[in-house]
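In case you want the letters, here they are:
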Amino acid sequence: MSHFVIVGGGLAAASAAETLRAEGFDGDVTVVTREAHAPYQRPPLSKGYLAGAEGLDAVIVHPEEWYADNAIDLRTSTEATHLDPEAHTVTLGGGENASDTAETLHYDKLLLATGASSRMLPIEGADLAGVHTLRTLDDSDALAAVLRHGGRSLVLIGSGWIGMEVGATARTLGNSVTILEREAVPLAVAVGPEMGRVFQALHEANGVDLRTQVNVERIVGRGGQVTGVVVDGETVPADLVLIGVGAVPALELATDANLAIGNGVLVDAALRTSAPDVFAAGDVANAFHPVVARHQRSEHWANALNAGPVAAKSMLGQRVSFSQIPYFYTDQFDLGMELSGYPSLMAEAKLHVRGDVAGREFIAFWVDHGRVVGGMNVNVWDVNEQVQALIRSGDVVDLAALLDPNTPLERLLA
Ligand SMILES: Cc1cc2nc3c(=O)[nH]c(=O)nc-3n(C[C@H](O)[C@H](O)[C@H](O)COP(=O)(O)OP(=O)(O)OC[C@H]3O[C@@H](n4cnc5c(N)ncnc54)[C@H](O)[C@@H]3O)c2cc1C
């Protein structure tokens with residue numbers, strides 16, 4: 001009997017396992033995650049789950065019984081510590097709570113869905129109690145324990161998606177929030193300065209103290225507990241500090257196995273790594289995208305959701321190609337946003353807006369030589385499919401019609 005092993009405890013792992021059984025694979029399946037929980041999705045950890053508005057059921061993809069019901073051997077609290085592609089073996093050591101006895105499994109096909117970890121900031125005071133990062137359910141629980149009842153001071157270092165989302169959630173819960181950012185505009189790397197300013201204005205309107213172009217010097221504390229962050233000589237008081245300066249792909253196993261690596265595990269469009277019978281999907285994979293004809297690594301929920309099934313089909317020997325348009329969403333205060341587009345093409349494109357930017361109800365389009373290469377709908381709903389269709393078509397569009405809120409987007413699609 002064939003044995004497929006999936007290493008990872010996130011959405012890519014869960015969606016791949018689900019697809020293997022949905023496609024009728026009746027061999028052995030083992031899912032190995034070093035966390036104590038069944039594989040889960042992370043977006044609620046900075047939003048509804050952190051706020052206490054959503055429970056574990058919004059986070060865990062399938063309860064543990066689902067794995068048993070589908071004859072999938074789920075190994076929680078178990079870390080894969082060594083991968084030998086030549087021998088087709090993976091060694092499992094102890095995980096968070098398990099004992100350290102190692103076990104070696106033989107596999108026929110293996111999927112690396114090891115995701116990413118929070119980037120650490122090499123800064124004095126980062127090891128004080130009360131200084132956090134946010135990647136796991138346990139991280140979110142630890143933040144919630146302090147923020148849930150309001151009245152605390154949170155300092156966020158970094159104004160990326162995680163910093164901005166946690167800032168919005170913490171402020172909504174009645175905490176005081178300061179965000180410290182080195183660059184001139186938050187989120188400029190993701191959406192450009194003009195759109196970044198939309199999020200900046202949103203936070204300022206909701207009472208967040210968002211300071212840009214600042215230099216964080218060190219984190220300070222008393223008796224081992226954080227009390228503040230020193231920024232340009234001033235100490236900002238803090239009960240809690242969250243470092244949100246990005247994520248790095250979890251490459252330990254891939255490096256150990258000598259797989260080809262470059263900003264993630266390099267995979268082709270069928271999500272095959274450089275080693276036979278080893279695949280990679282989700283945040284850890286830097287996949288060749290057939291449309292933009294280059295590798296791109298996407299750290300987004302929809303990427304994990306959709307790449308897992310493609311990897312599973314590829315493991316089953318089906319001819320597949322992962323060609324999804326990158327998609328991201330966020331919710332902050334009363335702003336909901338969806339963003340679709342190819343980052344490499346958006347970087348070269350010009351921004352055009354349909355709707356009311358100041359009123360935060362609009363669609364922004366990134367247009368390159370008359371073609372839409374990215375689109376972001378802000379508090380405008382049920383348009384993401386059309387935005388994606390416009391991007392996919394590659395057609396030159398009528399710009400005046402594109403920017404006219406009275407012209408349905410469908411009309412621009414031939
Ligand atoms: C707080 C937060 C909020 C987010 N919000 C959004 C959002 O609003 N919209 C959006 O599009 N995206 C969002 N994201 C990004 C999205 O969650 C990620 O893109 C997604 O989690 C990637 O899934 P994955 O399965 O590839 O990896 P992960 O979810 O990182 O899962 C990888 C798992 O593998 C385990 N693992 C790693 N190495 C080993 C090993 N050697 N042995 C065993 N297990 C191992 C890890 O412990 C982890 O459980 C958010 C991320 C975070 C952290």
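A word on the overall build of the chain. Of the regular secondary structure elements, the chain holds 11 helices and 26 strands. If one aligns the C-alpha atoms of the chain with their principal axes, the spans along those axes are about 65 × 60 × 35 Å. Every one of the 414 residues in the chain was classed for burial, and the buried ones make up 43%. Considering only residue pairs separated by 6 or more positions, the chain has 61% of its internal contacts joining residues 24 or more positions apart.

Looking now at the domain arrangement of the chain. When the domains of the chain are assigned, the result is domain 1 (3-117 + 247-315), domain 2 (120-243) and domain 3 (334-412). Relative to domain 2, the C-alpha centre of domain 1 lies at a distance of 30 Å. In this complex, domain 1 contributes 12 residues to the contact, which on the side of domain 2 involves 14 residues. The element that contributes the greatest number of residues to the side of domain 1 that touches domain 2 is helix H2 (residues 48-51), accounting for 3 residues. Looking at side-chain class alone, the side of domain 1 that touches domain 2 contains 6 nonpolar, 4 polar and 2 charged residues.

The biggest cluster of nonpolar side chains holds 58 residues, and the ones touching the most others in it are Leu 154, Leu 156, Ile 157, Val 241 and Leu 242. Ignoring any residue separated from it by four or fewer positions in sequence, one finds Leu 154 in contact with Leu 147, Ala 170, Asn 175, Val 177, Ala 238, Leu 240 and Leu 242. Counting residues in each nonpolar core, the second largest holds 53 residues, with Ile 6, Ala 12, Val 32 and Ala 113 among its members.

Further remarks concern helix H8 (residues 301-315). It helps to recall that an α-helix has 3.6 residues per turn; residues three or four apart then point in one direction. Taking 1.5 Å of rise per residue, the 15 residues of H8 would be expected to cover 21 Å, and the 21 Å separating its terminal C-alpha atoms lies within 8% of that figure. For H8, the tally of buried residues reaches 12 of 15 residues, placing the bulk of the element in the interior. Where H8 is buried, its residues meet strand S1 (3-7), helix H1 (11-22), strand S7 (109-112), strand S19 (278-280) and strand S20 (285-289). Of the residues one or two after H8, Gly 317 is the one with positive phi, at around 90°.

A separate point is the packing of H1 against H8. At a closest axis distance of 7 Å, the pairing of H1 and H8 adopts a crossing angle of 35°. Every pair of crossing elements has a handedness; the one defined by H1 and H8 is right-handed. The residues of H8 that touch H1, namely those facing Leu 11, Ala 12, Ala 13, Ala 14, Ser 15, Ala 16, Thr 19 and Leu 20, are Trp 301, Ala 304, Leu 305, Ala 307, Gly 308, Pro 309, Ala 311, Ala 312 and Lys 313. Within the contact of H1 with H8, the residues separate by chemical class into 13 nonpolar, 3 polar and 1 charged.

Rules used in this analysis
- Residues numbered from 1 in each chain as written.
- Predicted model: local features only at pLDDT ≥ 70, side-chain atom pairs only at ≥ 80, totals over all residues.
- Helix = DSSP H or I, 4+ residues; strand = E, 2+ residues; numbered from the N terminus.
- Buried ≥ 20, exposed ≤ 12 C-beta atoms within 10 Å, placed from the backbone.
- Contact = placed C-beta atoms within 7 Å.
- Domains from an automatic or database assignment.
- Nonpolar A, V, L, I, M, F, W, Y, C, P; charged D, E, K, R; others polar.
- Core = buried A, V, L, I, M, F, W, Y, C linked by C-beta atoms within 7 Å.
- Expected span 1.5 Å × (residues − 1).
- Axes fitted to C-alpha atoms, helices over the stretch in contact; angles between N-to-C directions.
- Left-handed = near helix turned anticlockwise from the far one by under 90°.

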